[in-house]
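Below are the chains, spelled out letter by letter.
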Amino acid sequence: MNETVSSPVINKTGYSHVAIAFHWIMAILIVVNWTLAIVIDDMPLGPDRITGYSWHKWLGITVLFLVSLRLMWRATHPAPKLEIAMPLWQERAMQLTHIALYFLMFAVPLMGWMMSSAEGYTVNYFGLFELPNLVDKNKELGDQLGDLHGFLAYALSGFVGIHVLAALKHQFIDKDNLLGRMSFSSRLKKD
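The paragraphs below set out a description of the structure included in this document. (Residues numbered from 1 in each chain as written. Predicted model: local features only at pLDDT ≥ 70, side-chain atom pairs only at ≥ 80, totals over all residues. Heavy atoms only, no water.)

### Topic: the overall build of the protein
At step 1: Within the protein, the regular secondary structure consists of five helices and two strands.
At step 2: Its helices and strands in sequence order give the protein the pattern α-α-α-β-β-α-α, from N to C terminus.
At step 3: In the protein, of all internal contacts separated by at least 6 residues, the share reaching a separation of at least 24 is 71%.
At step 4: Of the accessible surface of the protein, which amounts to about 11,900 Å², a share of 68% is contributed by carbon and sulfur atoms.
At step 5: If you average the places of the 15 positive and of the 15 negative side-chain charges in the protein, the two averages end up 11 Å apart. (Helix = DSSP H or I, 4+ residues; strand = E, 2+ residues; numbered from the N terminus. Contact = heavy atoms within 4.5 Å. Areas by Shrake-Rupley, 256 points an atom, 1.4 Å probe, with all protein chains shown as cover. Lys, Arg positive; Asp, Glu negative; His and termini not counted. Charge placed at Lys NZ, Arg CZ, Asp CG, Glu CD.)

### Looking at the environment of leucine 64
At step 1: Note on placement: leucine 64 falls in helix H2 (residues 47-76).
At step 2: Assessed through its relative accessible area of 8%, leucine 64 is described here as buried.
At step 3: On a C-alpha basis, the gap between leucine 64 and alanine 107 in space is 8.2 Å, while along the polypeptide they are 43 residues apart.
At step 4: Contacts of leucine 64, omitting those with residues within four sequence positions, involve Phe106, Pro109 and Trp113. (Buried < 20%, exposed > 50% of the residue type's maximum accessible area, 1.4 Å probe, protein only.)

### Things to note about unusual backbone geometry
At step 1: With a phi angle near 55 degrees, lysine 175 is a residue other than glycine that sits in the positive phi range.
At step 2: One can find lysine 175 in the loop between helix H4 (139-173) and helix H5 (184-190).
At step 3: Of note in the backbone geometry, asparagine 177 takes a positive phi value of approximately 60 degrees without being a glycine.
At step 4: Within the secondary structure, asparagine 177 is located in the loop between H4 and H5.
At step 5: Note on asparagine 177: relative accessible area 24%, which makes it partly exposed.

### Notes on the packing of helix H1 (residues 17-41) against H4
How two helices pack is summed up by the angle between their axes together with the distance between the axes.
At step 1: Running from amino to carboxyl end, H1 crosses H4 at an angle of 130 degrees, the nearest separation of the two axes being 12 Å. Taken together, the axis directions place H1 and H4 in an arrangement best described as oblique. Helix-helix and strand crossings are classified by hand; for H1 and H4 the assignment is left-handed. Every residue of H4 that contacts H1 at His23, Ile30 and Trp34 is listed here: Ala153, Tyr154, Leu156, Ser157 and His163.
At step 2: In the contact of H1 with H4, the residues fall into five nonpolar, three polar and no charged. (Axes fitted to C-alpha atoms, helices over the stretch in contact; angles between N-to-C directions. Parallel < 35°, antiparallel > 145°, perpendicular 65-115°, else oblique. Left-handed = near helix turned anticlockwise from the far one by under 90°. Nonpolar A, V, L, I, M, F, W, Y, C, P; charged D, E, K, R; others polar.)

So, in structure tokens, the structure goes:
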């Protein structure tokens, strides 16, 4: 049954359940891992800090794995049509922000993995198996990759902040239900 859409409210065609799950699981993992990185950075060297770094790496590799799957899903399942009117500059800013988010969700954990390899620490995944070293051990390169990893992580947090603020603006100021596209509840009403 087709519903008539009154502008500027979005119709009930949102992202698929798989895309919504990818979005929210990755959002949670990124926020948790960012928080963990800040906490362990202030810890004294010891077993708790080593455990924290292990969890940070595990979660980072999980994000890298999930963003790879998400990009494959997105390549075969395009985003639903945006059915709200917005200025061209906002639409372009939204597109560039999404590109930056995908790039950074891939680049941040990849740089972390390369940094660990350069510093001589093999990355394992939850103690189940070891990942191959991406570069040879090189302390100077490890320091540079560590700086790049940190810079990209801050850039990711900035783009996440922009993404969240834009979504809240659309939801509460524009009242166009843009957030409903990424909501399980709006999908359940349609199904």
